[in-house]
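Read off the chains here:
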Amino acid sequence: MQTGFQRIFGGAPERVVAPGEALFRTADAVRQMHLVRAGSVLLERVTRAGTRILLQQAHAGVVVSEASAYSPAYHCDAAAGAQGARCAILPVAEFHARLAADPGAATAWAAGLAQAVQAARLRAELRSLRTVAERLDAWLGEHRKLPERGCWQDIAAELGVSREALYRELARRR
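Residues numbered from 1 in each chain as written. Predicted model: local features only at pLDDT ≥ 70, side-chain atom pairs only at ≥ 80, totals over all residues. Heavy atoms only, no water.

> Could you clarify how one ought to interpret the pairing of strand E6 (residues 77-91) in this entry?
Across a regular strand the side chains alternate sides, sitting on one face of the sheet and then on the other. Here E6 lies mainly inside the structure; 11 of its 15 residues are buried. By the bridge criterion, four bridges tie strand E1 (residues 14-17) to E6 in an arrangement that is antiparallel. Opposite Val-17, over in E6, you have Ala-85 as the bridge partner. Pairing of strand E2 (residues 22-24) with E6 involves two bridges; the strand directions are antiparallel. Looking across to E6, one finds that Phe-24 is bridged to Ala-78. In terms of strand pairing, strand E3 (residues 32-46) meets E6 through 11 bridges, oriented antiparallel. Considered in E6, the bridge of Leu-42 is made with Ala-79. (Buried < 20%, exposed > 50% of the residue type's maximum accessible area, 1.4 Å probe, protein only. Helix = DSSP H or I, 4+ residues; strand = E, 2+ residues; numbered from the N terminus. Pairing = 2+ DSSP bridges.)

And the structure:
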(Lines give C-alpha, C1' and ligand atoms only; values in the text may rest on other atoms or scores of the structure.)
Protein backbone atom coordinates (compact mmCIF):
# COMPACT_ATOMS: atom_id res chain seq x y z
CA MET A 1 0.00 0.00 0.00
CA GLN A 2 2.77 2.46 0.87
CA THR A 3 4.26 2.08 -2.62
CA GLY A 4 1.14 3.58 -4.23
CA PHE A 5 1.15 6.51 -1.83
CA GLN A 6 4.85 7.09 -2.40
CA ARG A 7 4.15 7.31 -6.14
CA ILE A 8 1.27 9.72 -5.65
CA PHE A 9 3.35 11.97 -3.40
CA GLY A 10 6.56 11.44 -5.37
CA GLY A 11 8.36 14.74 -5.88
CA ALA A 12 5.88 16.59 -3.67
CA PRO A 13 7.30 19.45 -1.59
CA GLU A 14 7.61 18.81 2.13
CA ARG A 15 6.73 20.83 5.19
CA VAL A 16 8.35 20.42 8.60
CA VAL A 17 5.75 20.91 11.32
CA ALA A 18 6.89 21.72 14.87
CA PRO A 19 5.36 19.84 17.83
CA GLY A 20 1.83 21.16 18.40
CA GLU A 21 1.88 23.31 15.25
CA ALA A 22 -1.33 23.16 13.18
CA LEU A 23 -1.42 21.75 9.68
CA PHE A 24 -5.03 22.91 9.36
CA ARG A 25 -8.09 23.75 11.48
CA THR A 26 -11.72 22.71 11.43
CA ALA A 27 -13.67 24.45 8.63
CA ASP A 28 -10.50 25.49 6.72
CA ALA A 29 -10.94 24.96 2.99
CA VAL A 30 -9.40 21.71 1.77
CA ARG A 31 -6.67 22.86 -0.58
CA GLN A 32 -3.97 20.28 0.11
CA MET A 33 -3.48 16.62 0.95
CA HIS A 34 -0.72 15.62 3.35
CA LEU A 35 1.30 12.42 3.63
CA VAL A 36 3.20 11.98 6.89
CA ARG A 37 6.83 11.11 6.06
CA ALA A 38 8.18 11.26 9.63
CA GLY A 39 6.79 11.90 13.10
CA SER A 40 3.05 12.03 13.68
CA VAL A 41 0.01 14.22 13.14
CA LEU A 42 -2.93 14.20 15.55
CA LEU A 43 -6.43 14.77 14.22
CA GLU A 44 -8.76 16.11 16.90
CA ARG A 45 -12.25 17.47 17.19
CA VAL A 46 -13.40 19.76 19.99
CA THR A 47 -16.86 19.13 21.46
CA ARG A 48 -19.25 21.93 22.39
CA ALA A 49 -18.17 21.41 26.01
CA GLY A 50 -14.54 22.02 25.01
CA THR A 51 -13.36 18.42 25.30
CA ARG A 52 -10.75 17.40 22.71
CA ILE A 53 -11.40 14.02 21.09
CA LEU A 54 -8.57 12.28 19.25
CA LEU A 55 -9.86 10.97 15.92
CA GLN A 56 -6.61 9.68 14.46
CA GLN A 57 -2.89 9.58 15.11
CA ALA A 58 -1.28 9.51 11.67
CA HIS A 59 2.26 8.14 11.49
CA ALA A 60 4.77 7.84 8.64
CA GLY A 61 3.16 6.54 5.45
CA VAL A 62 -0.37 7.68 6.34
CA VAL A 63 -2.39 10.29 4.45
CA VAL A 64 -3.75 12.85 6.90
CA SER A 65 -7.50 13.46 6.94
CA GLU A 66 -8.31 11.12 4.08
CA ALA A 67 -12.00 11.78 4.80
CA SER A 68 -11.48 15.36 3.58
CA ALA A 69 -10.15 14.42 0.14
CA TYR A 70 -13.58 14.99 -1.41
CA SER A 71 -14.89 17.60 1.01
CA PRO A 72 -14.86 21.39 0.70
CA ALA A 73 -13.69 21.86 4.33
CA TYR A 74 -11.73 19.95 6.97
CA HIS A 75 -13.87 18.31 9.62
CA CYS A 76 -11.24 18.45 12.40
CA ASP A 77 -8.01 20.07 13.56
CA ALA A 78 -4.63 18.57 12.64
CA ALA A 79 -1.42 19.32 14.53
CA ALA A 80 1.99 17.69 14.78
CA GLY A 81 2.48 15.24 17.62
CA ALA A 82 5.01 15.47 20.45
CA GLN A 83 7.95 14.73 18.14
CA GLY A 84 6.79 17.04 15.32
CA ALA A 85 6.22 15.86 11.77
CA ARG A 86 7.49 16.08 8.22
CA CYS A 87 4.72 15.94 5.60
CA ALA A 88 4.63 15.78 1.82
CA ILE A 89 2.03 18.18 0.44
CA LEU A 90 0.02 18.08 -2.78
CA PRO A 91 -2.73 20.43 -3.95
CA VAL A 92 -5.98 18.47 -3.70
CA ALA A 93 -6.67 18.75 -7.47
CA GLU A 94 -3.22 17.35 -8.25
CA PHE A 95 -3.78 14.56 -5.70
CA HIS A 96 -7.03 13.61 -7.51
CA ALA A 97 -5.35 13.75 -10.92
CA ARG A 98 -2.45 11.55 -9.82
CA LEU A 99 -4.85 9.09 -8.24
CA ALA A 100 -6.93 8.89 -11.43
CA ALA A 101 -3.83 8.36 -13.57
CA ASP A 102 -2.43 5.46 -11.50
CA PRO A 103 -4.73 2.42 -10.99
CA GLY A 104 -2.26 0.85 -8.54
CA ALA A 105 -2.27 3.98 -6.44
CA ALA A 106 -6.08 4.11 -6.62
CA THR A 107 -6.21 0.54 -5.29
CA ALA A 108 -3.77 1.50 -2.51
CA TRP A 109 -5.96 4.50 -1.70
CA ALA A 110 -9.08 2.28 -1.46
CA ALA A 111 -7.21 -0.17 0.80
CA GLY A 112 -6.07 2.72 2.98
CA LEU A 113 -9.63 3.98 3.31
CA ALA A 114 -10.78 0.50 4.35
CA GLN A 115 -8.03 0.37 6.98
CA ALA A 116 -9.07 3.81 8.24
CA VAL A 117 -12.64 2.57 8.73
CA GLN A 118 -11.34 -0.47 10.63
CA ALA A 119 -9.16 1.75 12.85
CA ALA A 120 -12.10 4.09 13.55
CA ARG A 121 -14.25 1.13 14.56
CA LEU A 122 -11.50 -0.11 16.89
CA ARG A 123 -11.23 3.33 18.54
CA ALA A 124 -15.01 3.40 19.01
CA GLU A 125 -14.92 -0.09 20.53
CA LEU A 126 -12.09 0.88 22.90
CA ARG A 127 -13.94 3.97 24.07
CA SER A 128 -17.11 1.98 24.72
CA LEU A 129 -15.34 -0.03 27.45
CA ARG A 130 -16.13 1.18 30.95
CA THR A 131 -12.81 1.19 32.79
CA VAL A 132 -9.31 2.43 32.05
CA ALA A 133 -8.04 -1.10 32.74
CA GLU A 134 -10.41 -2.60 30.15
CA ARG A 135 -9.47 0.03 27.57
CA LEU A 136 -5.76 -0.44 28.16
CA ASP A 137 -6.05 -4.26 28.00
CA ALA A 138 -7.91 -4.02 24.68
CA TRP A 139 -5.39 -1.51 23.29
CA LEU A 140 -2.45 -3.65 24.35
CA GLY A 141 -4.18 -6.63 22.73
CA GLU A 142 -4.02 -4.76 19.40
CA HIS A 143 -0.68 -2.95 19.69
CA ARG A 144 1.12 -5.30 22.08
CA LYS A 145 3.51 -2.78 23.70
CA LEU A 146 3.58 0.70 25.16
CA PRO A 147 5.60 3.39 23.40
CA GLU A 148 8.37 5.18 25.26
CA ARG A 149 7.31 7.08 28.36
CA GLY A 150 7.16 10.54 26.72
CA CYS A 151 4.40 9.36 24.34
CA TRP A 152 1.99 7.87 26.90
CA GLN A 153 -0.25 10.96 26.72
CA ASP A 154 -0.98 10.01 23.09
CA ILE A 155 -2.23 6.61 24.29
CA ALA A 156 -4.42 8.32 26.90
CA ALA A 157 -5.93 10.49 24.17
CA GLU A 158 -6.52 7.48 21.95
CA LEU A 159 -8.24 5.65 24.82
CA GLY A 160 -10.33 8.69 25.68
CA VAL A 161 -9.03 8.92 29.27
CA SER A 162 -7.01 11.51 31.15
CA ARG A 163 -3.24 11.18 31.31
CA GLU A 164 -3.49 10.90 35.07
CA ALA A 165 -5.96 8.00 34.89
CA LEU A 166 -3.70 6.15 32.46
CA TYR A 167 -0.61 6.80 34.60
CA ARG A 168 -2.45 5.49 37.71
CA GLU A 169 -3.42 2.34 35.81
CA LEU A 170 0.12 1.80 34.58
CA ALA A 171 1.52 2.33 38.11
CA ARG A 172 -1.03 -0.17 39.48
CA ARG A 173 0.25 -2.79 36.99
CA ARG A 174 3.93 -2.43 37.98
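> Help me understand the side chain of His-34 in this model?
Along the chain, His-34 turns up in strand E3. Those residues in contact with His-34 that sit more than four places away from it in its chain are Phe-9, Leu-23, Phe-24, Val-62, Val-63, Val-64, Tyr-74, Cys-87, Ala-88 and Ile-89. (Contact = heavy atoms within 4.5 Å.)

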